Amino acid sequence: MKGTRAAGLLLAAGRGARLGRPKALIEYGGERLVDRGVRLLEEGGCHPVVVVLGAATVQVRGAVTVRNPDWESGMGSSLRAGLAALPPDAESVVVALVDQPFVQPEAVRALIASGAELAVATYDGRRRNPVLIARRHFAEVAELAVGDVGARPFIRAHPDLVTEVPCPGDPADIDTPEDLRRLEAQ
């Protein structure tokens, strides 16, 4: 799979219930997290980038936006909507989450360069996002993505396919007002 064309998929549909507002709209360093996520995927080598929106509908430059009408059902429906929106020539996809502003483009590049069919970013030995999934697995990933889980059931069902890719950066999520205060203090 080395040298294949990888699309980017940014999941940004949630309402940020614990945070009190949609995470896609939060600004850090003068940039909305949704725009930061698109930049992460673009700079990491993904093209095109598809953003799945739901709770907030916003214009996103440099990306194809898809509205998930079932966004309230959880991340699974957003992953399914995003996979369905990918162009047919995308041989793989790198899936990232809008609420991880410190993930670096180097992580995306490393996933793509791994040549794997299923690559998971690791930080200090712990599996986190983003993940890379080859097209031939899209249907099964979508089938298993139910409720508030994304690709995790597929990854657990196929440990033999997983390539762990050590990545730089910080995969911390912005989930609560305390997380946001820490973000703003940096």
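Residues numbered from 1 in each chain as written. Predicted model: local features only at pLDDT ≥ 70, side-chain atom pairs only at ≥ 80, totals over all residues. Heavy atoms only, no water.

Chemist: Now, about the nonpolar core: what can you tell me, with residues and values included?
Modeler: Ranked by internal contacts, the top residues of the largest apolar core, which has 38 residues, are Leu 10, Val 34, Leu 41, Val 51 and Val 94. Breaking this core down by element, the ones donating at least two residues are strand S1 (6-12), helix H1 (33-43), strand S4 (49-53), strand S6 (92-97), helix H3 (105-113), strand S7 (118-123) and helix H6 (177-185). A per-element tally of this core places H1 first, with five residues. Discounting residues that sit within four places of it in the chain, Val 94 has contacts with Ala 7, Gly 8, Leu 9, Leu 41, Cys 46, Val 108, Leu 111, Ile 112, Pro 130, Val 131 and Leu 132. (Core = buried A, V, L, I, M, F, W, Y, C linked by side-chain atoms within 4.5 Å. Buried < 20%, exposed > 50% of the residue type's maximum accessible area, 1.4 Å probe, protein only. Helix = DSSP H or I, 4+ residues; strand = E, 2+ residues; numbered from the N terminus. Contact = heavy atoms within 4.5 Å.)

Chemist: Would you mind going over the sheet that holds strand S5 (residues 64-67) in detail, with residue names and values included?
Modeler: Either a parallel or an antiparallel arrangement is found when strands of a sheet pair, and the pairing is made through backbone hydrogen bonds. With mixed pairing, the seven strands of this open sheet are ordered in space as S5-S4-S1-S6-S8-S7-S9. Since the sheet does not close on itself, it has two edges, and those belong to S5 and strand S9 (162-166), each with one partner. Ignoring strand direction, the axes of neighbouring strands in this sheet form an average angle of 25 degrees. The strands that helix H2 (residues 75-85) touches are S1, S4, S5 and S6; relative to S1, the one it contacts most, it runs at about 150 degrees. Against the sheet, H3 touches S1, S6, S7, strand S8 (126-134) and S9, its axis set at about 50 degrees to S8. (Pairing = 2+ DSSP bridges. Axes fitted to C-alpha atoms, helices over the stretch in contact; angles between N-to-C directions.)

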